[in-house]
Amino acid sequence: MKKFLLLLTICTANYVFGQQSMQGRDAWQKMYRAMPTKINDLVHTKLDAKFDYSKSYLNGKVWITLKPHFYATDSLRLDAKGMNINIVALVKAGKNIPLKYTYDSMFLDIKLDKSYKRDETYTVYIDYTAKPDEYQSEGSAAITDAKGLYFINPKGEDKTKPTQIWTQGETEATSVWVPTIDKTNQKTTQEFNLTVPAKYVTLSNGKIVSQKANGDGTRTDTWVMELPHSPYLFFIGIGDYAIVKDSYKGKEVNYYVEKPYEKVARKIFGYTPEMMKFFSEKVTGVEYPWVKYSQIVGRDYVSGAMENTTATLHQESAQQDARELIDGNNWESTIAHELFHQWFGDYVTAESWSNLTVNESFADYSQLLWLEYKYGADEAGFENFNEMNQYLGRSTEKNKDLVRFFYNDKEDMFDLVSYQKGGRILHMLRNFVGDDAFFKSLNEYLTANKFGNGSAVKLRLAFEKITGKDLNWFFNQWYFGNGHPKLEISYGYDAPTQTSKVYIKQTQAGDKLFKLPVAIDIYHGSNKKQYTVWAENKADTFSFPVSSRPDLINVDADKVILAEKKDDKTLAEYIHQYTYAGKYLDRREALEFAAKNTSDAAAYHLLVKALSDPYYRIRARAINNFGTAKLDADAISKMEAIAKTDDHRVVRAAAIDALAKLKNNSYKDFFVQSIKDSSYSVAGAALEALGGIDGNQAFALANTLTKETSKARLSSAITSVIVKYGDETAFDFIARKFEVMPLTQAKFTAIGSFAEFLGKVTNMQNFKKGVDLIVKFRDDIPAQSRTQTDPYINGIALKGIVDKKEAAGAKEMADYVKSKLPLDKK
């Protein structure tokens, strides 16, 4: 599951994941989270489902075939959450024989007709009603609730939103809508018969084998999954979708999108067949194992995306229009992430949530693998840096093991450790064993555990079998340990002995030391010699024979070590690093150092040089790194050219932002013209830039643009310009814009400007409506995240409105906001 695109980033520059409860802390720290004991094994699940849209119910009949795992048993426990159980029976000789059972709204305990022996199958039949909206569930910051089955606008009352049904099983919410053994170490084949209004299409696991028109305006679609997978991967999707058909080696590849996005569906998802080929042939050596692969977009989805076997579900942010896609497909890495789960997660599934890393770390790392293959080393370098920084930026994550047998709740496993840190650990492992051994080891792991369960131990054994190396040190340190090294790197040179020295200190708190293979490149001009050393002490000194003082010593030359680094290089050495070392992070590190020293002519000229870098993200970074430095004619000329002709529109937008700071009236016509650009990024940057020169004209153009479709940077720019230069006549537009935004980071970010706008509103009715929209958003945020979001929403946004209204003498308005605040913020 891709979780990073949810309301996880609120309030910090990084991701806010589920926080472990302090209540009962000692209890969970002593509670070992074992792999679930297997008494009975699922074999096959047949479901007949009908949907009551008026009540948001699923009326189901399910036939579950099972067998004892090893020991004989005369009982069966199923997970069945919040249901009405009508009939429980044993199917024998074509007849339903009633069985005794007890049900406590969570578990259905069934007394079988006899004791069944190993490999002796039996089938139970259950008639039930699932009532997901009535089930009281707790989600996490990663998954905002856990009711399993979601009816979206079921009565069609919201004319701006389609009617849909979709399911979300991970972690253990499938059992809200179908009785099952809802554990990762269970595998079952399935047959789902879905009766739906005839106007809708359906999607489920496996392949569709029949569609039967009924006489009552409904249709029954039968989906069959012939290969076994875990219950949390069961999926049902229903709605008024366009189905855009594609293929991979004769297998169906389909994209289910809302009809306005039918023409751009291939631009969003169209690399999927190429990804399937790449992951099958180049990465895993295992051909895509399932009968088809479909992707569907769901409104109001509670996470980022979910890798249901053969039927991935994406949140609505995946649907981008043609203008958004000009700026780049921001969903491409998510598409790769979920697809890779079809191997790591679906084909081989973590044996327990403690071992989530063998699902999510691999999916996270697949993003880098795809970007490296498709776009090259620089894009992979950016991905690695970005993911690493997300983990390093959250100090609360450093005490968590990657494999965790002790946690407060299984939802706590979905964090920066299981995702970003785990992906970086795989990157280090690949670097250590080499590409050929790394990919052969993945093949060994998948082949040995196909249609079964995996773990970090099984992963180690696969790598050891292929490489012939004992890797306990690596797995104990990175998988079964926590934290990361903090490194201080310094240098010395002894002219008489022609010796260069590298000093590496590990400065992390505590006694734990990391064993690190470190690549060190020594440069004389463009000539490079690489050494590999092992840093494993509190302080290590490494000596190297050289012919003269090196121009650069580049520690962690492969840029793979997961660590916080303090590197004692000079500006001259960083300039040499930018020029000759060549990797994305080599150049970025040099630019970051130069940005802190723009008063030095050499640093300034390095930034100017980087404006012509072949990689667009470095060009954009260079533009931003000038900061408040005074631009000379050369830099301005380059930025003007970039703003008009750069191949990447986001770089053009960055250049327009930089030119806007000059407040140069001669750019006015260019900014006005750029507002018409097909790129939302360029148009948005130009609108805000125009505001800095002529606020009235910017406001007039923004008002005109409210009548057109606008998204992304342009949408936020319109709002920003109206808020800054307009008046409350734009209330309906601004309020509606905020109201319809989904529960995402973008909406959280928009609170600041919306609150600023409400400071201008004098109409009491409108003012109350606006405040209520902010309060509703605040209260809709999952409880696990509100400790992170409430300080900003209450203490800054709403309190800021209070301060403005009190200063303006608008006591009634100020009091209304205070009534919505907790006591300590009033």
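Structural data are supplied above this passage.
About the cut-offs
- Residues numbered from 1 in each chain as written.
- Predicted model: local features only at pLDDT ≥ 70, side-chain atom pairs only at ≥ 80, totals over all residues.
- Heavy atoms only, no water.
- Helix = DSSP H or I, 4+ residues; strand = E, 2+ residues; numbered from the N terminus.
- Rg over C-alpha atoms; globule rule 2.2 N^0.38 Å.
- Buried < 20%, exposed > 50% of the residue type's maximum accessible area, 1.4 Å probe, protein only.
- Areas by Shrake-Rupley, 256 points an atom, 1.4 Å probe, with all protein chains shown as cover.
- Lys, Arg positive; Asp, Glu negative; His and termini not counted.
- Charge placed at Lys NZ, Arg CZ, Asp CG, Glu CD.
- Pairing = 2+ DSSP bridges.
- Axes fitted to C-alpha atoms, helices over the stretch in contact; angles between N-to-C directions.
- Salt bridge = Lys/Arg side-chain N within 4 Å of Asp/Glu carboxyl O.
- Polar contact = N/O pair within 3.5 Å; in protein donor to acceptor, adjacent residues only side chain to side chain.
- Contact = heavy atoms within 4.5 Å.
- 1 Å grid on protein atoms, 1.4 Å probe; cavity = no way out; pocket = protein on both sides within 12 Å on 5 of 7 lines; lining within 4 Å.
- Points joined across faces, edges and corners; volume = space filled by probe spheres on them.
- Phe/Tyr/Trp six-rings, centres within 6.5 Å; stacked < 30°, edge-to-face > 60°.
- Lys NZ or Arg CZ within 6 Å of the ring centre and 35° of its normal.
- Nonpolar A, V, L, I, M, F, W, Y, C, P; charged D, E, K, R; others polar.
- Bend = angle between axes of the 7 residues up to and from the residue.
- Parallel < 35°, antiparallel > 145°, perpendicular 65-115°, else oblique.
- Left-handed = near helix turned anticlockwise from the far one by under 90°.

Chemist: Which residues make up the overall build of the protein chain, and what values do they have?
Modeler: Along its length, the protein chain carries 26 helices and 29 strands. Scaling as 2.2 N^0.38, a compact globule of 826 residues should have a C-alpha radius of gyration of about 28 Å, and the protein chain matches this with 29 Å. Classification of the 826 residues of the protein chain by burial places 56% in the buried group. When the accessible surface of the protein chain is totalled, it reaches about 33,200 Å², and 49% of it is carbon and sulfur. The positive charge centre, built from 109 side chains, and the negative charge centre, built from 104, are 1 Å apart in the protein chain.

Chemist: Could you give an account of the sheet that holds strand 11 (residues 188-197), with specific residues and numbers?
Modeler: Spatial ordering of the open sheet is given by 5-4-8-2-1-11-14-13, a layout of eight strands whose pairing is mixed. Two strands in the sheet have a free side with no partner beyond their single neighbour: strand 5 (95-98) and strand 13 (207-213). Averaged over all pairs of adjacent strands, the angle between strand axes in this sheet comes to 20°, irrespective of strand direction. Inspection of the sheet shows strand 11 paired to strand 14 (residues 218-229) by nine bridges, in the antiparallel sense. Within strand 14, the residue paired with proline 197 across the bridge is threonine 218.

Chemist: Report on the pattern of salt bridges, specifying residues and quantitative values.
Modeler: All chains considered together, the criterion is met by 50 salt bridges. Its salt-bridge partner being aspartate 436, residue lysine 440 comes within 2.9 Å of it at the nearest N-O pair. Note that lysine 440 and aspartate 436 are positioned in helix 9 (residues 435-448) at a spacing of four residues, about one turn of the helix. Across the salt bridge formed by glutamate 464 and arginine 460, the nearest N and O atoms sit 2.8 Å from each other. Taken as a pair, glutamate 464 and arginine 460 lie in helix 10 (residues 456-467) at a separation of four residues, close to a single helical turn. For the pair glutamate 464 and arginine 460, one class covers both residues: buried. Here the salt bridges do not stand alone but share partners, grouping Lys249, Lys277, Glu281 and Glu287 into one network.

Chemist: I'd like a rundown of the side chain of lysine 400, residues and numbers included.
Modeler: Tracing the chain through its elements places lysine 400 in the loop between helix 7 (377-392) and helix 8 (417-433). Using a relative accessible area of 11% as the deciding quantity, one classes lysine 400 as buried. Of the polar contacts made by the side chain of lysine 400, one reaches the side chain of glutamate 397; its length is 2.9 Å. A polar side-chain atom of lysine 400 sits 3.2 Å from a polar atom in the side chain of aspartate 415. Once residues within four sequence positions are removed from consideration, lysine 400 is found in contact with Asp415, Val417, Lys421, Gly481 and Asn482.

Chemist: Can you break down the sheet that holds strand 25 (residues 516-524) residue by residue, with the values?
Modeler: Remark on secondary structure: sheet strands pair via backbone hydrogen bonds, oriented parallel or antiparallel. Taking strand neighbours across the sheet as the criterion, the three strands line up as 26-25-28 in an open arrangement whose pairing is antiparallel. For this open sheet the edge positions go to strand 26 (527-535) and strand 28 (552-555), each flanked by a neighbour on one side alone. Put simply, the sheet's adjacent strands are angled 20° from each other on average, direction ignored. In this sheet, strand 28 lies alongside strand 25 in antiparallel orientation, the contact comprising four bridges. Bridging across to strand 28, tyrosine 523 finds its partner in leucine 552.

Chemist: Account for empty space enclosed by the protein, with residues named and values stated.
Modeler: Empty space among the atoms can be located by rolling a probe the size of a water molecule over them. Taken as a whole and judged by the stated rule, the model has one cavity of 30 Å³ or more. If you add up the space inside the largest cavity, you get close to 100 Å³. In terms of lining, the largest cavity is formed by Met428, Asn431, Phe432, Trp473, Phe474, Gln477, Trp478, Lys515, Leu516, Pro517, Val560 and Ile561. Counting only elements with at least two residues in the lining of the largest cavity, the list comes to helix 8, helix 11 (472-478) and strand 25.

Chemist: An account of the packing of aromatic side chains is needed here, citing residue identities and associated values.
Modeler: Enumeration according to the criterion identifies 54 aromatic pairs in this entry. Seen from their ring centres, phenylalanine 385 and tyrosine 584 are 6.3 Å apart, and the 65° between their planes marks the pair as edge-to-face. With phenylalanine 385 in helix 7 and tyrosine 584 in helix 13 (residues 584-595), the pair connects residues that are 199 residues apart, well separated along the chain. Among the residues examined, tyrosine 584 registers a relative accessible area of 3% and is labelled buried. Consider the rings of phenylalanine 474 and phenylalanine 475, whose centres lie 6.0 Å apart with planes at 65°: the pair is edge-to-face. Here phenylalanine 474 matches phenylalanine 475 in class, with each residue buried. Cluster of aromatic residues (ring-pair linked, three or more members): Tyr271, Phe278, Phe279, Tyr288, Tyr293, Phe340, Trp343, Phe344, Phe362, Trp370, Tyr373 and Tyr445. When the ring centre of tyrosine 116 is taken as reference, the NZ or CZ atom of lysine 114 above it lies at 4.9 Å. Here the basic side chain of lysine 515 rests over the ring of tryptophan 534, its NZ or CZ set 5.2 Å away from the ring centre.

Chemist: An account of unusual backbone geometry is requested, with residue identities and associated values reported.
Modeler: A cis geometry characterises the amide bond from glutamate 170 onward to threonine 171, with omega recorded as 10°. If you check the backbone angles, serine 105 has positive phi at about 80° while not being a glycine. Inspection of the secondary structure assignment puts serine 105 in the loop between strand 6 (100-103) and strand 7 (107-116). For glutamine 498, which is not a glycine, the phi torsion comes out positive at approximately 45°. Its place among the elements puts glutamine 498 in the loop between strand 23 (486-494) and strand 24 (499-506).

Chemist: Just give me the short version of the environment of glutamine 530, but keep the residues and values in it.
Modeler: Tracing the sequence through the fold places glutamine 530 in strand 26. Considering only alpha carbons, one finds glutamine 530 and arginine 219, 311 residues apart in sequence, at a separation of 66 Å. Residues within four places of glutamine 530 in sequence aside, it is in contact with Ala519, Ile520, Asp521, Ala557 and Asp558.

Chemist: Residue-level account of the pairing of strand 5, with values.
Modeler: Where strand 4 (residues 83-92) lies against strand 5, four bridges are found, and the strand directions are antiparallel. Looking at the pairing, valine 91 lines up with asparagine 96 of strand 5.

Chemist: Account for the layout of surface pockets, naming residues and giving values.
Modeler: The calculated volume of the second largest pocket comes to roughly 1,100 Å³. Phe385, Lys559, Lys565, Leu585 and Glu589 are, among the 40 residues lining the second largest pocket, the residues nearest its centre. Listing elements by their share of the lining of the second largest pocket, those giving two or more residues are helix 6 (357-375), helix 7, helix 8, strand 29 (564-567) and helix 13. If you tally residues by element for the lining of the second largest pocket, the top one is helix 7, at nine residues. Grouping the constituent residues of the lining of the second largest pocket by class yields 15 nonpolar, six polar and 19 charged.

Chemist: Could you give an account of helix 3 (residues 272-284), with specific residues and numbers?
Modeler: For helix 3, the principal kink sits at phenylalanine 278 and spans about 30°. For helix 3, the complete set of buried residues consists of Thr272, Pro273, Met275, Met276, Phe278, Phe279, Ser280, Val283 and Thr284. Directly beyond the C-terminal end of helix 3, a positive phi value near 70° is found at glycine 285.

Chemist: Report on the packing of helix 9 against helix 10, specifying residues and quantitative values.
Modeler: Helix 10 packs onto helix 9 with a crossing angle of 125° between their chain directions and a minimal axis gap of 8 Å. Relative to helix 10, helix 9 is oriented oblique. The interaxial crossing formed by helix 9 with helix 10 has right-handed handedness. Each of Ala437, Phe438, Lys440, Ser441, Leu442, Glu444 and Tyr445 in helix 9 lies in contact with helix 10, whose residues at this interface are Lys458, Leu459, Ala462, Phe463, Lys465, Ile466 and Thr467. Classifying every residue of the contact of helix 9 with helix 10 by side-chain character gives eight nonpolar, two polar and four charged.

Chemist: So what's going on with the packing of helix 17 (residues 649-660) against helix 19 (residues 680-693)? Which residues, and what values?
Modeler: For any two helices packed against each other, one specifies the inter-axial angle together with the distance between the axes. Following both chains from N to C, one finds helix 17 and helix 19 inclined at 5°, their axes separated by 8 Å at the closest point. Judged on the interaxial angle alone, helix 19 and helix 17 are roughly parallel. Contact with helix 17, carried on its side by Arg649, Val650, Arg652, Ala653, Ile656, Asp657 and Ala660, involves Ser681, Val682, Ala685, Ala686 and Ala689 of helix 19 and no other residues of that element.

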